[in-house]
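Geometric and topological summary
Chain by chain, the residues:
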Amino acid sequence: SPPVLFSTPMSPRNANYAIQVTLDAGKHTLRGEERIRWRNITDTPATDAWFHLYLNAFANDHTVFMTESRGQLRGDAFDKEHWGYCQVRTIALVGADGARIPLVQLFPREDHTVMRVVLPAPVPPGGEAVFEVAFEDQLPRVFARAGFAGTFNMAGQWFPKLGVFQGAKGWNCHEYHANTEFFSDFGVYDVSITVPADYVVGATGVLWQEVRHGAEKTLSFHAEDVHDFAWAAQPDFVDRTETYMGVQIRVLMQPGNRASIPRYFAAVKEDLKDYAEWIWKYPYPEITVVDPPMNGMGAGGMEYPTFITAGASPFLGKRILIPEVTVVHEFGHQYWYGMEADNEFERAWLDEGINSYYEARIMDKWYGSEKSFVDDLWGWNLGEEAQERMAYLSLPDMDPIVLDAWKYFSSRSYDAITYDKSALVLKTLENQLGRKKMDEVMRAFFMQVKFTHPDTRDFVRIVSQAAGQDLAPVLDPMLYGTGTVDFRVALVRNVPQSPPEGYDLAGSAPVLYSKGKDKKQERKGPPKAPFKESYDSTVVVERRGSLVLPVEVAIEFSDGTTRTERWNGEGRYTTWTFSGPKVVRVVADPKDLVPLDLNRLNNGWVDEGDGAVARCMTTRFRVLYQSLVAMLFNIL
Ligand SMILES: [Zn+2]
């Protein structure tokens, strides 16, 4: 019998799956039978049950997914020679006496990615329903995450799967949209996979039994406290395992990418270490990393519980850190998606945004913040934050962060906002709270919401509690609004101070001071005091856009001193005046603490009499080069 992984359940375990599935490696079909044990953990009786049949997104070109994506996703194009589907052959409710009550399949939504059955009797709060489902999948050619490519088979979103019952709100069970990912309840999974005997299989959970029968073999996997189950099979995976911090790391690599195996292991270890320190020790006994083939890259860069897909290529040199970034990102989803289990259809920032924030932190820590994305490619470097800024700037204000994923203006907007703006918002929060406090509030958030389904309100509430201040005024405009911010040095004026001219009224009678044109003319009044070069200076910094954020401004003077002024960002602009040495340089946000700033080229002002102009140009060219690199990546 399967092992017990956690003697005390970490999650409610109210959606449990036992599945037997057989891969027909020639036809790329899966024939399966599943038994779903579901418990109603709400206080409302359930009169029906809703299921996702995700693979039906690829059944034809009229599905919601194909209509929205127009057959293009994440740089991959759909192959119309190889459609896919998930067909429920039979579904029955298992009665208390063991009798099977056949259920009628209904399709209430726009396509067949959502199936509904009406229950013969309501399932009361705390009550259970057991479903038996026989199904058949045709895997499409790899396009969006799942499918086959040659002998590579990626089974993701492959079995009929319950939506999430939300009590009075009913079932949360959306169609499979082009921009959306998934949402499910936690449970125990026991999955037996039958494949040709020469296939190597990686899957969610631990492998506890392998039985050979004729030309086939059956592998039994067991997982606890997860909300999905994925697996991949291919005969010639290079199969490597290492153990680190008590976790078995398994890498299933394409033979041609052997050289990148150490890069995958290193990235997983960095993640395990940093997450243990910052958030929580990874609780599962294993993590599997699958490397898809070049012609199946649509399956790459994807997260499932204790199972991730990455992406390497012999053509990607060591200078472009895509393999590392991908593994660091997808592993991070074990926390932000896996254990956090937010509704990815509706609030994707809670997984993608938080995860991207940590991705940048981990990459910066291990590879250096200036080169954590591109490391010396023909002399060019690109850091993660710079890369996130480029992506954010490409479409910064069409949509807010808190939005149903399918409602975004475009997939580009979805990416720019959900991943990049969200990560930069968290970076902004970190810059305001300090790294130590940030770690405390994020740990508090994770520990309070793990194995639940948190929403944005939970995030703001918990981080406010942990920070000891109401962060809603800071966070809400960034999360719910589309406002932007651009700090700009609007004006710098240095007016030389000079001896007074005109009447001096300080004495009993007016005294005329006159410099006159005629140098021979005697000066009236007191003799000229030795006059030190001095200026009355004015500095005006403007905040463009409707997002109000505080900013620091560094003001450098001709005597070499620098003052740092702080502005809370309220009002359209603020003015500082100084009397003394000349202002020679002004930089708004000198430490880059406002990564959402739309334009950093207008953050600086340099006195033209100063050699610093050259420095300014250097900065400008660096930014331009980085933009070019970013554009290149967007085109590729
Ligand atoms: Zn992600």
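Residues numbered from 1 in each chain as written. Predicted model: local features only at pLDDT ≥ 70, side-chain atom pairs only at ≥ 80, totals over all residues. Heavy atoms only, no water.

**Observations concerning the overall build of the protein chain**
Across its full length, the protein chain carries 11 helices and 35 strands. A principal-axis box enclosing the C-alpha atoms of the protein chain has dimensions of 120 × 55 × 45 Å. Out of the 636 residues belonging to the protein chain, those deemed buried represent 56%. Put simply, 70% of the contacts in the protein chain that link residues at least 6 apart link residues at least 24 apart. (Helix = DSSP H or I, 4+ residues; strand = E, 2+ residues; numbered from the N terminus. Buried < 20%, exposed > 50% of the residue type's maximum accessible area, 1.4 Å probe, protein only. Contact = heavy atoms within 4.5 Å.)

**Quick notes on the coordination of the zinc ion**
Around the zinc ion, the protein supplies His329 (NE2), His333 (NE2), Glu352 (OE) and Glu352 (OE) as donor atoms, at distances of 2.0 to 2.7 Å. Spacing between the donor residues of the zinc ion along their common chain follows H-x3-H-x18-E. Taken together, the residues histidine 333 in the loop between helix H3 (322-332) and helix H4 (334-339) and glutamate 352 in helix H5 (residues 349-367) connect sequence positions 19 residues apart. Given the relative accessible area of 0%, histidine 333 is considered buried. A relative accessible area of 1% places glutamate 352 in the buried class. (Donors = N, O, S within 2.8 Å, 3.2 Å for Na, K, Ca; no water.)

**A closer look at the domain arrangement of the protein chain**
Each domain of the protein chain was delimited in the assignment, giving domain 1 (1-235), domain 2 (239-483) and domain 3 (486-492 + 536-635). Averaged C-alpha coordinates put domain 1 and domain 2 at centres separated by 25 Å. On the side of domain 2, 47 residues touch domain 1, which itself brings 50 residues to the contact. Interface area for domain 1 against domain 2, summed over the two sides, is near 3,500 Å², with a carbon-plus-sulfur share of 62%. For the domain 1 face of the interface with domain 2, the top three residues by lost area are Asn179, Glu181 and Phe183, together amounting to 18%. At the boundary of domain 1 and domain 2, one finds 16 residue pairs in polar contact (both at pLDDT 80 or more). Of all elements in the fold, only strand E11 (152-155), strand E16 (200-203), strand E18 (216-226) and strand E19 (231-234) reach the threshold of two or more residues within the side of domain 1 that touches domain 2. Element by element, the count of residues in the side of domain 1 that touches domain 2 is highest for E16, at four residues. Residues that form the side of domain 1 that touches domain 2 fall into these classes: 23 nonpolar, 16 polar and 11 charged. (Domains from an automatic or database assignment. Buried area = accessible area lost by both parts, 1.4 Å probe. Polar contact = N/O pair within 3.5 Å; in protein donor to acceptor, adjacent residues only side chain to side chain. Nonpolar A, V, L, I, M, F, W, Y, C, P; charged D, E, K, R; others polar.)

**Observations regarding unusual backbone geometry**
The phi dihedral of aspartate 225 is positive, around 60°, even though this residue is not glycine. One non-glycine residue with positive phi stands out, namely aspartate 589, at about 60°. Locating aspartate 589 in the fold gives a position in the loop between strand E34 (583-588) and strand E35 (604-606).

**Some points on the packing of aromatic side chains**
The tally for this structure, following the rule as stated, stands at 47 aromatic pairs. Ring geometry for phenylalanine 78 against tryptophan 83: centres 5.0 Å apart, planes inclined by 45°, an arrangement best described as tilted. With relative accessibility at 10%, the residue phenylalanine 78 sits in the buried group. Over the aromatic face of tryptophan 278 sits the side chain of arginine 361, whose NZ or CZ is 4.1 Å from the ring centroid. Taking NZ or CZ as reference, lysine 450 lies 4.8 Å from the ring centre of tryptophan 280, over its face. (Phe/Tyr/Trp six-rings, centres within 6.5 Å; stacked < 30°, edge-to-face > 60°. Lys NZ or Arg CZ within 6 Å of the ring centre and 35° of its normal.)

**Quick notes on the pattern of salt bridges**
The final tally for this structure, using the stated rule, is 33 salt bridges. Residue lysine 80 pairs with aspartate 61 through a salt bridge whose shortest N-O separation is 3.6 Å. With lysine 80 in the loop between strand E5 (76-77) and strand E6 (85-94) and aspartate 61 in the loop between strand E3 (46-52) and helix H1 (64-69), this residue pair connects regions lying 19 residues apart in the sequence. Residues joined in a network through salt bridges with shared partners are Arg347, Asp404, Lys407 and Asp455. (Salt bridge = Lys/Arg side-chain N within 4 Å of Asp/Glu carboxyl O.)

**Observations regarding the sheet that holds strand E12 (residues 161-162)**
Pairing is antiparallel in the open sheet, where three strands are placed in the order E8-E3-E12. Two strands close off the open sheet at either side, each with one partner strand: strand E8 (114-123) and E12. Here E3 pairs with E8 via six bridges, running antiparallel. If you follow histidine 52 over to E8, its bridge partner there is valine 114. (Pairing = 2+ DSSP bridges.)

**A look at the pairing of E34**
Two elements, strand E31 (residues 551-557) and E34, share five bridges in a ladder whose sense is antiparallel. Across the sheet, the residue bridging to alanine 554 is valine 587, located in E34. Two strands pair when backbone bridges link them, and E34 and E35 are joined in this way by three bridges, in the antiparallel orientation. When the bridges of E35 are listed, valine 587 appears paired with glycine 604.

**Details of empty space enclosed by the protein**
Going through the model one piece at a time under the given rule, you end up with one cavity of 30 Å³ or more. Taken as a whole, the largest cavity encloses approximately 60 Å³ of empty space. Around the largest cavity sit Lys161, Phe182, Phe183, Ser184, His227, Asp228, Tyr337, Ala341, Asp342 and Glu344, which together line it. Looking at the lining of the largest cavity, its residues break down into four nonpolar, two polar and four charged. Counting residues domain by domain, the lining of the largest cavity receives three or more from each of domain 1 (1-235) and domain 2 (239-483). (1 Å grid on protein atoms, 1.4 Å probe; cavity = no way out; pocket = protein on both sides within 12 Å on 5 of 7 lines; lining within 4 Å. Points joined across faces, edges and corners; volume = space filled by probe spheres on them.)

**Concerning the side chain of aspartate 274**
With respect to the element layout, aspartate 274 can be found in helix H2 (residues 261-278). Residues in contact with aspartate 274, not counting those within four places in the same chain, are Ile279, Ile362, Lys365 and Trp366.

**What about a nonpolar patch on the surface?**
Taken together, the side chains of Val104, Leu106 and Val118 make up a nonpolar region of the molecular surface, amounting to roughly 240 Å² of accessible area. Relative to the assigned elements, leucine 106 resides in the loop between strand E7 (100-102) and E8. (Patch = residues over 30% accessible without salt bridge, like charges linked within 9 Å, V, L, I, M, F, W, Y side chains within 5 Å. Areas by Shrake-Rupley, 256 points an atom, 1.4 Å probe, with all protein chains shown as cover.)

**Observations concerning the pairing of strand E25 (residues 374-377)**
With two bridges connecting them, E25 and strand E26 (residues 380-382) associate as antiparallel partners. Counted as the bridge partner of leucine 377 is tryptophan 380 from E26. Remark: two residues form the turn of the hairpin made by E25 and E26, two consecutive strands paired antiparallel; tryptophan 378 in that turn has positive phi of roughly 50°.

**Re the sheet that holds E35**
The four strands lie next to each other as E32-E31-E34-E35, forming an open sheet whose pairing is antiparallel. Both edges of this open sheet fall to strand E32 (562-567) and E35, since each of them pairs with a single strand only. With direction set aside, neighbouring strand axes in the sheet form an average angle of 15°. (Axes fitted to C-alpha atoms, helices over the stretch in contact; angles between N-to-C directions.)

**Thoughts on the nonpolar core**
Phe131, Trp158, Trp231 and Phe459 are the most contacted members of the largest nonpolar core, which has 181 residues in total. Those residues in contact with phenylalanine 131 that sit more than four places away from it in its chain are Glu34, Arg35, Ile36, Ala49, Phe51, Ile91, Ala92, Leu93, Leu103, Val117 and Leu119. (Core = buried A, V, L, I, M, F, W, Y, C linked by side-chain atoms within 4.5 Å.)

**Here we look at the packing of H2 against H3**
Geometry of a packed helix pair, given as the angle between the helix axes and the separation of the axes. The geometry of H2 relative to H3 is characterised by a closest axis approach of 9 Å and an angle of 40° between their N-to-C directions. With respect to their mutual orientation, H2 and H3 come out oblique. Remark: the crossing between H2 and H3 carries right-handed chirality. From H2, Arg263, Tyr264, Ala267, Val268, Asp271, Leu272 and Tyr275 reach across to H3, where they touch Pro323, Glu324, Val327, Val328, Phe331 and Gly332. Here the contact of H2 with H3 is composed, by residue class, of nine nonpolar, one polar and three charged. (Parallel < 35°, antiparallel > 145°, perpendicular 65-115°, else oblique. Left-handed = near helix turned anticlockwise from the far one by under 90°.)

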